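Analysis of the macromolecular model
Listed here are the chains, written in short residue letters.
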Amino acid sequence: MKVLAFETSCDETSVAIVDDFNVIINLTRQQLIHSEFGGVVPELAAREHIKYIYPLTKKTLEKISLDEIEGIAFTYGPGLASSLLVGIAFGKTIAQAIKKPFIGINHLEGHIFSIFINNKNLKPPFLCLIVSGGHTELVLVEDFLKYRVIGKTLDDAIGEAFDKGAKMLNLGYPGGPIIDKLSKNGNRNFIKFSKVKIKYGKYNFSFSGIKTALKLYLKDKSESFIKEHLSDICASYQEALIDILLEPTMRAIEDFRIEKIAVVAGVSLNSRLREKFREYFKEVYFPLPEFCTDNAGMIGIAGAFRLKLGYRSSFDISAEPNLSLEFI
Ligand code: KG4
Ligand code: ZN
């Protein structure tokens, strides 16, 4: 089934055409406007989506004409309300114009589906660790479309911790890829961060302690010291953040007797995370780089899957900024 899909939940405007689990074209424009503010400015994000969604769609439809499209999918939550509304309004309008069915997709379900683009034979049950700028969740994918969220971050998302750390070091936004790159030549043991203990929930995470520890560490350091040891500081900070993911995930693998684990969303691009997870887990899956950060391809394949099963959204569907995985 050929589906035209839109993703506008945060700061990437993305349009794709998929055919079931195959992504035919996926065009993503990352909004660079936010870098000078060190984080996403919602009002600017919505304006940028409005600016780029039409030209991106037009370009996407050069590959496959609108006559061939059998359904429309768009993200309707979680995310920034004003950004989500752009994709929702655009998607619904096209669906009305071409008289085809449409479906709103949970952004996190999209990230989970991103794993099927390059692993078409992967079948549930498996464990899925979602590591993004807005979320850190450990999900038991019991079956297709059947999710049990068993663990979550109790404070910041891991991507947020990467971005805030980068901001403290004046490295720009988004900070994750910059820290990843600088860490390659750094000493991971340069700063000893103490282990984070979580009181509640066996599979939960917490990143704000490490973030505060970095802040305190940097407080009395000179600019020249930080410059000289930048890669060591990045490598130690990155290592501490990744280590927080390991224990709860290993515990879940044992408790639920599941061998397969998929790690998805923006932070799953991190090279050290990939290395460490391959070391610690027997059967670990990652999406293709293009489908780790926000993209419409993953929304399209989740949309095609649901539309084929008969799922439809009603015309009054609107943005759900706090949509959870278990209420879909
Ligand atoms: O999934 P995503 O595109 O958006 C959300 O749904 O939040 O994730 C964006 C996050 C940002 O925090 C960014 O810094 C992080 O993913 N990220 C990385 C890397 N590439 C992107 N974090 C660590 N290492 C990377 N290589
Ligand atoms: Zn995302």
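Up top you'll find the structure we're talking about.
Residues numbered from 1 in each chain as written. Chains lettered and ligands numbered in written order. Predicted model: local features only at pLDDT ≥ 70, side-chain atom pairs only at ≥ 80, totals over all residues. Heavy atoms only, no water.

Attention now moves to the pattern of salt bridges. Applying the stated criterion to the full structure yields 22 salt bridges. As a salt-bridge pair, Lys2 and Asp19 come within 4.0 Å of each other at their nearest N and O atoms. One end of the pair, Lys2, is in strand S1 (residues 2-7); the other, Asp19, is in strand S2 (residues 12-19), with 17 residues separating them in the sequence. Given the relative accessible area of 24%, Asp19 is considered partly exposed. Arg148 is paired through a salt bridge with Glu142; the nearest N and O atoms lie 3.2 Å apart. Looking at Arg148, the relative accessible area reads 37%, which means it is partly exposed. (Salt bridge = Lys/Arg side-chain N within 4 Å of Asp/Glu carboxyl O. Helix = DSSP H or I, 4+ residues; strand = E, 2+ residues; numbered from the N terminus. Buried < 20%, exposed > 50% of the residue type's maximum accessible area, 1.4 Å probe, protein only.)

A separate point is the site of ligand 1. Of all residues adjacent to ligand 1, which total 20 residues, the nearest are Gly133, Asp163, Asp180, Gly266 and Asp294. Between an oxygen atom of ligand 1 and a side-chain N or O atom of His107, the distance comes to 3.3 Å. Gly266 places a main-chain nitrogen or oxygen 3.0 Å from an oxygen atom of ligand 1. Burial of ligand 1 by the protein chains amounts to 91% of its free accessible area of 560 Å². Of all the elements in the fold, those that place two or more residues in the shell around ligand 1 are helix H3 (107-118), helix H4 (158-168) and helix H5 (175-183). Partitioning the shell around ligand 1 into residue classes produces 7 nonpolar, 10 polar and 3 charged. (Near = heavy atom within 4 Å. Polar contact = N/O pair within 3.5 Å; in protein donor to acceptor, adjacent residues only side chain to side chain. Areas by Shrake-Rupley, 256 points an atom, 1.4 Å probe, with all protein chains shown as cover. Nonpolar A, V, L, I, M, F, W, Y, C, P; charged D, E, K, R; others polar.)

Within the protein, the atoms that donate to the zinc ion (ligand 2) are His107 (NE2), His111 (NE2) and Asp294 (OD), at distances of 2.1 Å. Sequence spacing among the residues donating to the zinc ion (ligand 2) works out to H-x3-H-x182-D. You can see His111 sitting in helix H3 and its partner Asp294 sitting in the loop between strand S10 (283-285) and helix H10 (296-308), a full 183 residues away along the chain. For the residue pair His111 and Asp294, the accessibility class agrees, reading buried in each case. (Donors = N, O, S within 2.8 Å, 3.2 Å for Na, K, Ca; no water.)

What follows is about the sheet that holds S10. The 5 strands are arranged S8-S7-S6-S9-S10 in an open sheet whose pairing can be described as mixed. Each edge of the open sheet carries a strand with a single partner, namely strand S8 (146-152) and S10. Ignoring strand direction, the axes of neighbouring strands in this sheet form an average angle of 25 degrees. Here strand S9 (residues 260-264) runs beside S10; their pairing, made up of 3 bridges, is parallel. (Pairing = 2+ DSSP bridges. Axes fitted to C-alpha atoms, helices over the stretch in contact; angles between N-to-C directions.)

Across the 8 residues that make up strand S7 (residues 136-143), a large majority, 6, are buried. With 6 bridges connecting them, strand S6 (residues 126-131) and S7 associate as antiparallel partners. Considered in S7, the bridge of Cys128 is made with Val139. Between S6 and S7, which pair antiparallel and follow one another directly, the connecting turn spans 4 residues. Where S7 meets S8, 6 bridges bridge the pair, whose relative direction is antiparallel. Directly across from Glu137, in S8, lies its bridge partner Lys152. Between S7 and S8, which follow one another and run antiparallel, lie 2 residues, and Leu145 among them has a positive phi close to 70 degrees.

It is worth spelling out the nonpolar core at this point. By size, the foremost hydrophobic cluster in this structure holds 44 residues, and its most contacted members are Leu127, Leu129, Leu245, Ile261, Val263 and Phe277. Of all the secondary structure elements, the ones that give two or more residues to this core are S6, S7, H4, helix H6 (208-219), helix H8 (230-255), S9 and helix H9 (271-280). No other element matches the 12 residues that H8 contributes to this core. Excluding residues that lie within four positions of it along the chain, Leu245 makes contacts with Leu129, Val131, Thr136, Ile158, Phe205, Phe207, Leu273 and Phe277. The next biggest cluster of nonpolar side chains, apart from the first, holds 37 residues, and it includes Leu108, Leu145, Ala262 and Phe291. (Core = buried A, V, L, I, M, F, W, Y, C linked by side-chain atoms within 4.5 Å. Contact = heavy atoms within 4.5 Å.)

Moving on, we come to the state of the cysteines. Counted according to the given criterion, the structure contains 0 disulfides. Cys128 takes part in no disulfide bond, and the closest cysteine sulfur to it belongs to Cys292, at a distance of 11 Å. Assessed through its relative accessible area of 0%, Cys292 is described here as buried. (Disulfide = S-S within 2.5 Å.)

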